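This is what each chain is made of:
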Amino acid sequence: MNVLEVEHLNVWEERSGRNLVRDSSFRLAQGECLAIVGESGSGKSLTCKSIMRLNRNGIRHSGRIALNGEDLSILSDKAMRRYRGRRLCMIMQNGMSAFDPSRPIGAHLQETLGIHYDWSRAEREAKLAAAMIAVGLREPAAVMSRYPFELSGGMLQRVMIALALVLEPDVIIADEPTTALDAVTAYEVVEQFVRLRERLRSAMIFVSHDLGVVRRIADNVLVMKDGEIVEQGAAREIFSGARHPYTRYLVSSKETLSRHYKWLMGGVDVAQG
Ligand SMILES: Nc1ncnc2c1ncn2[C@@H]1O[C@H](COP(=O)(O)OP(=O)(O)OP(=O)(O)O)[C@@H](O)[C@H]1O
Ligand SMILES: [Mg+2]
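Model, not experiment: these values are computed from the prediction.

Examining the sheet that holds strand S9 (residues 220-225)
Moving on, step 1. Spatially, S6-S7-S8-S3-S9-S10 is the arrangement adopted by the six strands of the open sheet, whose pairing is mixed. The open sheet is flanked by strand S6 (88-91) and strand S10 (228-234), the only strands paired with a single partner. Taking each pair of neighbouring strands and ignoring which way they run, the sheet shows an average axis angle of 15°.
Moving on, step 2. Note that strand S3 (residues 33-38) and S9 share five bridges and pair parallel. When the bridges of S9 are listed, isoleucine 36 appears paired with leucine 222.
Moving on, step 3. On top of the sheet, helix H1 (residues 44-52) reaches S3, S6, strand S7 (171-175), strand S8 (203-207) and S9; it is set at about 145° to S6, its chief contact.

In structure tokens form, the structure reads like this:
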């Protein structure tokens, strides 16, 4: 059975009736990573937020979204809140926005685990510390005592990944989790996502502009343009034999970029031989 099934998802702005996502359908098997790519404004984040039922007021959606066969749209708000974090865990672009700036990181993490599990404070602390060490945060106690603004973007993303490790959700939704990071930190954080997947075998949706990252992490790719899925398939096939002109454009512009990068770094530009 699929862990997540999205069927005929439509998202629209209530006031104007403007369609923002049109008739989007896709599914995720256990352990699968699906990348969503596409230009800015194509509906990637609205797709993620609809799954989480976190769309803002004024944004509506319809369609069937099922987690392990259970239709999420018929859950009460209270039941849905219990699923968020524990079963569907979202990691956003800007780690800072996930946390209340006036409280130390440890307070957030303790509270989140307290909502979902009956563990004692000491148990929560031990699990968090082990997860932090696993994602390369070497001094868990020091990290937990810091305020969000005292940590770098890369550390905040590692904190979120550590939390996901402890929560063991069925589905992890990462919406451009590395876009705000410099290239080296982004690389390290992507590697942490790869390990997170290996450890948990959770299904994962990974939204990214960076096709190099997508190639590293995704099994399947879904390409969106103007609110619609224009292509979906195995990552290998999308990179080697995209059918839709827009996908070919995305892949070729990425290749031009990496050729340019190689050339800048002293390699030979393929076009120049
Ligand atoms: N709260 C909102 N109210 C009205 N329109 C919205 C709202 N949120 C998003 N939209 C519109 O919906 C479309 C899709 O937005 P979305 O945030 O899903 O794009 P995206 O693919 O995630 O883009 P990006 O790569 O820039 O993050 C855009 O045209 C955007 O202007
Ligand atoms: Mg977005």
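So that's the structure; there's more coming.
Overview of the nonpolar core
Moving on, step 1. In this structure, Phe193 and Leu196 are the most contacted members of the largest nonpolar core, which totals 54 residues.
Moving on, step 2. At 10 residues, helix H6 (residues 153-167) tops the list of elements feeding residues into this core.
Moving on, step 3. Those residues within four positions of phenylalanine 193 in sequence are excluded, and the remaining contacts are Ile91, Ile161, Ala174, Pro177, Met204, Phe206 and Ile217.
Moving on, step 4. In this structure, Val3, Leu34, Leu67 and Leu72 belong to the second largest nonpolar core, which totals 31 residues.

Regarding the sheet that holds strand S4 (residues 59-67)
Moving on, step 1. Spatially, the four strands line up as an open sheet ordered S2-S1-S4-S5, and their pairing is antiparallel. Of all the strands in the sheet, the pair left with one neighbour each is strand S2 (19-28) and strand S5 (70-71).
Moving on, step 2. With two bridges connecting them, S4 and S5 associate as antiparallel partners. Each bridged residue has a counterpart across the sheet, and for leucine 67 the counterpart in S5 is glutamate 70.
Moving on, step 3. Sitting on the sheet, H1 touches strand S1 (4-13), S2 and S4, and the angle it makes with S1 is about 115°.

So, the site of ligand 1
Moving on, step 1. Around ligand 1 there are 15 residues in total, and Ser40, Gly41, Lys44, Ser45 and Leu46 lie nearest to it.
Moving on, step 2. Backbone polar atom of glycine 43 to an oxygen atom of ligand 1: 3.0 Å apart, as the coordinates give it.
Moving on, step 3. Here ligand 1 has 640 Å² of accessible area as a free molecule, and 69% of this is covered by the chains.
Moving on, step 4. It is H1 that contributes the most residues to the shell around ligand 1, three residues altogether.
Moving on, step 5. Considered class by class, the residues forming the shell around ligand 1 number three nonpolar, six polar and six charged.

Calculation rules
- Residues numbered from 1 in each chain as written.
- Chains lettered and ligands numbered in written order.
- Predicted model: local features only at pLDDT ≥ 70, side-chain atom pairs only at ≥ 80, totals over all residues.
- Heavy atoms only, no water.
- Pairing = 2+ DSSP bridges.
- Helix = DSSP H or I, 4+ residues; strand = E, 2+ residues; numbered from the N terminus.
- Axes fitted to C-alpha atoms, helices over the stretch in contact; angles between N-to-C directions.
- Contact = heavy atoms within 4.5 Å.
- Core = buried A, V, L, I, M, F, W, Y, C linked by side-chain atoms within 4.5 Å.
- Buried < 20%, exposed > 50% of the residue type's maximum accessible area, 1.4 Å probe, protein only.
- Near = heavy atom within 4 Å.
- Polar contact = N/O pair within 3.5 Å; in protein donor to acceptor, adjacent residues only side chain to side chain.
- Areas by Shrake-Rupley, 256 points an atom, 1.4 Å probe, with all protein chains shown as cover.
- Nonpolar A, V, L, I, M, F, W, Y, C, P; charged D, E, K, R; others polar.

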